[in-house]
Amino acid sequence: MQPKLASSAPNPTHSVAPKLRGIPGGHDLDRWPIHVELRKDETLVSWWARLAHRYEVTPAGVFRELNMHVRSYSPTGVNQRLARPRNDLSERTGVSDSERAEAFSRQQRIMGAPVSVLHRFDVFRPFPLLKGSRFCPECIHEHQIWRPEWRDPLTLVCLQHSRVLRDICPGCESRPFSTIAWARRDRHPATCTEYVGEPSQLDRSRRTGCFTNLSAISAEPATTTLLRATEALQTFHENGGSKKWAGREITNAEASRALTLLTYEALHTPRGKRLPVTALQVGRAPQSAFIVLNQPSLEEAGAMADHFDLLRVHGRLAPIGPAHNIRSRPLEPLLHAIRLQSLQNRLPPTTQLAFRAGSSLPRAPHELRHRNTPTPKYALDWKIRPAPFSAVPQLWYPLGLPGFDLTDDERAQFAISIAVICVGRSISVASAAERLGAPKHAAARITGTWKRLCKQTGWPTLRQAILRASDRLTHDPSTIDYASRRRALSSPAQVDLLAQGLSLKASFSDPERLWTWCHFTQASPRYTPMAWGDLRATNVLPEEPSTWKRQLIHRALTEQCAEPETWTPP
């Protein structure tokens, strides 16, 4: 005897909530008769909501039909649950485990690209995913799907329709898919998923759905700059090829990383404050970052970064910082080059003078750089050849700096010598002073002397003059080895030893010894080495010895190396 056929329509009195029938028409089927395709550019939650609407039940009801226990119907949790392998789910829906896993990995890759950049360079705390999803009304009208990139806080534009994404539903003033309401109601995919109003806990069971038709809402057209910025953020990390950014030919992947970091710097807020998430707040950041990178040269990109207050000298993306606070983190090469090149002529003389006063570019010392920091490959003249220590006198030549008259200004001459020593080297001013035969504390006020010299012509002019002087001394070094002379006259006793070596019967007085040191090493009587003790200016006034003593000292020095008594740069 044949069993009685079941009715094609469910009995409305059997259950209050509609239920998907597992045995339609009285025949047991392994697969549901209606197949809803999972599209490539669709989230798993969107596909599940369309599947439930096709059978006119709630998404939660479909889970119950499959005996799938879901603790929370939040979009993130449901996406993860649907991505797991499950044979009965694949057989009933006609969508295989690999298709669901591929869709989940695709949306994770799209939403996780900015986060991976931030973790790689260890600069900012990542933005959390949006609570809910933005939407494009035209996409919903045409395809009735929700895309994964709409949950990315940096995605503001639909590239297919060139429209700015809408943030909230005008009916309930909430962002769709921000709560579990999407799983509690059977709704059309083009309508809002949220409830209306904010009722109390007791009234939650009587909340009504919004059901606003989101496809009928108008969206503003996006500007060209915002469109290009969004395209770079979304697609460049996946596409190959290269393009000119800030005057340098770089790959699209590097451009996407640089644009992401600049965008996050523009959105950065002090600790404790809420991060901006609305499209209006976020919209200016990618546009500013794109304008900076779209400049034709590194100098113009740096100027535009200053205009938008990006790449600050001591900011999170700064390639330089105080010597005691250099961050041990890798640097993005293009942003590194933009900041270095823009600071080339504008770095204040009081910033990082220890090893940047005369450098071709302000830079971090090599021994303090992070082991994973890429070598700057887009900055020009990263390091220049330094002048030899032995060729630099303690007091620079009075007329050896074109455009500056250093006559009768020992402090200025000493400051210029220290600056020339620092060119191309990572060395402190105290160490430079010691290399010049002066005590370390002699460099304590060197910053004030640099500032005084800058008032005459400005720091860029002084910096260029120092670089030219160092370069000239490097290619045409002095014929005097000042370092060997400072070693030969390192103490007052050494002067007497030189005289004894020549069988001189006359001894030198303290003023004569001080004059001998200053004349033959081109040094100041104020900056004698520590071995000279109190034998220095203000305590003892230098006194020139007789001509025959002077000639004999010079003869003793020239026995070590053939040198003139004095030398003037050409």
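Residues numbered from 1 in each chain as written. Predicted model: local features only at pLDDT ≥ 70, side-chain atom pairs only at ≥ 80, totals over all residues. Heavy atoms only, no water.

All chains considered together, the criterion is met by 12 salt bridges. Salt-bridge contacts for Arg-106 lead to Glu-102; the nearest nitrogen and oxygen are separated by 3.8 Å. Placement of both Arg-106 and Glu-102 in helix 5 (residues 97–121) is noted, with a separation of 4 residues, approximately one turn of the helix. Relative accessible area serves as the criterion here: at 47%, Glu-102 is assigned to the partly exposed category. Glu-434 is the partner of Lys-440 in a salt bridge, and the nearest nitrogen-oxygen pair spans 4.0 Å. (Salt bridge = Lys/Arg side-chain N within 4 Å of Asp/Glu carboxyl O. Helix = DSSP H or I, 4+ residues; strand = E, 2+ residues; numbered from the N terminus. Buried < 20%, exposed > 50% of the residue type's maximum accessible area, 1.4 Å probe, protein only.)

This part covers the confidence of the model for the protein chain. Per-residue pLDDT for the protein chain has a mean of 76; in total, 75% of the residues score no lower than 70. Here helix 12 (residues 353–356) is the element of the protein chain with the lowest mean pLDDT, 35, and helix 6 (residues 137–143) is the one with the highest, 91. Taken as a whole, residues 10–17 scores under 50 in pLDDT and shows 1 contact with residues more than four places along the chain or in a different chain. Predicted confidence is poor over residues 23–29, with pLDDT under 50, and the contacts of this stretch with residues over four places away or in other chains come to 6 contacts. (pLDDT = per-residue confidence, 0-100. Contact = heavy atoms within 4.5 Å.)

This part is about the packing of helix 13 (residues 410–422) against helix 15 (residues 446–457). What describes two packed helices is the angle between their axes and the distance between those same axes. Interhelical geometry of helix 13 versus helix 15 gives an angle of 100 degrees and a closest axis separation of 9 Å. The angle between helix 13 and helix 15 places the two elements in the roughly perpendicular class. Along the contact surface, helix 13 presents Arg-411, Ala-412, Phe-414, Ala-415, Ile-416, Ile-418 and Ala-419, while helix 15 presents Ile-446, Thr-449, Trp-450, Arg-452 and Leu-453. Class assignment for the residues of the contact of helix 13 with helix 15 results in 9 nonpolar, 1 polar and 2 charged. (Axes fitted to C-alpha atoms, helices over the stretch in contact; angles between N-to-C directions. Parallel < 35°, antiparallel > 145°, perpendicular 65-115°, else oblique. Nonpolar A, V, L, I, M, F, W, Y, C, P; charged D, E, K, R; others polar.)

So, about the nonpolar core. Within the largest apolar cluster, 44 residues are counted, with the highest numbers of intra-cluster contacts made by Trp-47, Trp-48 and Trp-182. Elements with a contribution of two residues or more to this core: helix 1 (44–54), helix 2 (59–65), helix 3 (75–83), helix 5 and helix 6. By residue number, the principal contributor to this core is helix 1, which donates 7 residues. Contacts of Trp-182, omitting those with residues within four sequence positions, involve Val-45, Trp-48, Ala-49, Pro-59, Tyr-73, Ser-74, Pro-75, Val-78, Phe-177 and Thr-193. (Core = buried A, V, L, I, M, F, W, Y, C linked by side-chain atoms within 4.5 Å.)

Another point: the packing of helix 19 (residues 510–521) against helix 20 (residues 547–558). Where helix 19 meets helix 20, the axes come as close as 12 Å, and the angle between the chain directions of the two elements is 50 degrees. Taken together, helix 19 and helix 20 sit at an angle that is classed as oblique. Note on packing geometry: the crossing formed by helix 19 with helix 20 is right-handed. Of helix 20, the residues touching helix 19 (which contributes Glu-512, Trp-515, Thr-516, His-519 and Phe-520) are Lys-549, Arg-550, Ile-553, His-554 and Leu-557. Grouping the amino acids of the contact of helix 19 with helix 20 by side-chain chemistry returns 4 nonpolar, 3 polar and 3 charged. (Left-handed = near helix turned anticlockwise from the far one by under 90°.)

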